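# Overview (structure and organization)
Given next are the chains, with one letter for each unit.
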Amino acid sequence: MYVQSRRLRTYRYEGAGVDVGGFDWDAHNRTKCQAHGVALSEIEALFHGPVDIFPDVAHSQREERFHAFGRPAGRHIFVIYTLRTRGGHTLIRPISARYMHRKEVTYYEKEIAKTDKR
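Here goes a summary of the coordinates provided. (Residues numbered from 1 in each chain as written. Predicted model: local features only at pLDDT ≥ 70, side-chain atom pairs only at ≥ 80, totals over all residues. Heavy atoms only, no water.)

Turning to the pairing of strand 7 (residues 89-99), a few remarks are in order. Most of strand 7 is tucked away, with eight of its eleven residues classed as buried. With ten bridges connecting them, strand 6 (residues 77-86) and strand 7 associate as antiparallel partners. Paired with Thr82 across the bridge in strand 7 is Arg93. Hairpin connection, strand 6 to strand 7: the antiparallel pair is bridged by two residues, and Gly87 has positive phi, about 60°. (Buried < 20%, exposed > 50% of the residue type's maximum accessible area, 1.4 Å probe, protein only. Helix = DSSP H or I, 4+ residues; strand = E, 2+ residues; numbered from the N terminus. Pairing = 2+ DSSP bridges.)

Listed below in structure tokens is the structure:
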């Protein structure tokens, strides 16, 4: 579920909303995110529209990570990200991104349907 904010959307996960003010990019995460052919503009566009977010419990030992997926420009994109605070602003820091396979799209659409029924 999301709510419009002035800069980006506020994403709600289990009732806790986070107002994000942009993206945290550096040479490392840019290279890693572009390795699968996903443009940085597509990753950012994902977070400006409807996006589905799930916790990444298996990889959240050192920092809380999330799985985000959506369809900003026709193709389904899967992004792993965390949130960072810089200068008093919460930023989305993408860790990895790729296009989703058809089976993954089907799986996640079923998961969303389960979540929507709650």
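Turning our eyes to something else, we now look at the nonpolar core. Counting 19 residues, the largest nonpolar core has Ile43, Phe47, Ala68, Val79 and Tyr81 as the members making the most contacts within it. Elements supplying a minimum of two residues to this core: helix 2 (40-46), strand 5 (65-70), strand 6 and strand 7. (Core = buried A, V, L, I, M, F, W, Y, C linked by side-chain atoms within 4.5 Å.)

Another point: the side chain of Asn29. In this fold, Asn29 is placed in helix 1 (residues 27-34). By relative accessible area, Asn29 is classed as buried at 2%. Only 3.0 Å separates the side chain of Asn29 from the backbone oxygen of Pro94, close enough to count as a polar contact. If near-sequence neighbours (up to four positions away) are discounted, Asn29 is found in contact with Asp24, Arg93 and Pro94. (Polar contact = N/O pair within 3.5 Å; in protein donor to acceptor, adjacent residues only side chain to side chain. Contact = heavy atoms within 4.5 Å.)

For the coordinates displayed, the defined rule picks out five aromatic pairs. One aromatic cluster is present, formed by Phe23, Trp25, Phe47, Phe66 and Tyr81 through successive ring pairs. Directly above the ring of Tyr99 sits Arg75, whose terminal nitrogen or CZ lies 3.7 Å from the centroid. (Phe/Tyr/Trp six-rings, centres within 6.5 Å; stacked < 30°, edge-to-face > 60°. Lys NZ or Arg CZ within 6 Å of the ring centre and 35° of its normal.)

Moving on, we get to the sheet that holds strand 7. Strand order in the open sheet made by the four strands is 4-5-6-7, with antiparallel pairing throughout. Each having just a single partner strand, strand 4 (52-55) and strand 7 make up the two edges of the open sheet. Each adjacent strand pair in this sheet contributes to an overall mean axis angle of 30°, direction not counted. As paired strands, strand 4 and strand 5 are joined by four bridges and run antiparallel to one another. Considered in strand 5, the bridge of Pro55 is made with Phe66. (Axes fitted to C-alpha atoms, helices over the stretch in contact; angles between N-to-C directions.)

Take the pattern of salt bridges next. For side chains of opposite charge, pairing can occur when their charged atoms come near one another. The full count for this structure, using the stated rule, is six salt bridges. When the shortest N-O distance is used, the salt bridge between Arg65 and Glu63 registers 3.4 Å. Here the residues in one salt-bridge network are Asp24, Asp26, Arg86 and Arg93, joined through shared partners. (Salt bridge = Lys/Arg side-chain N within 4 Å of Asp/Glu carboxyl O.)

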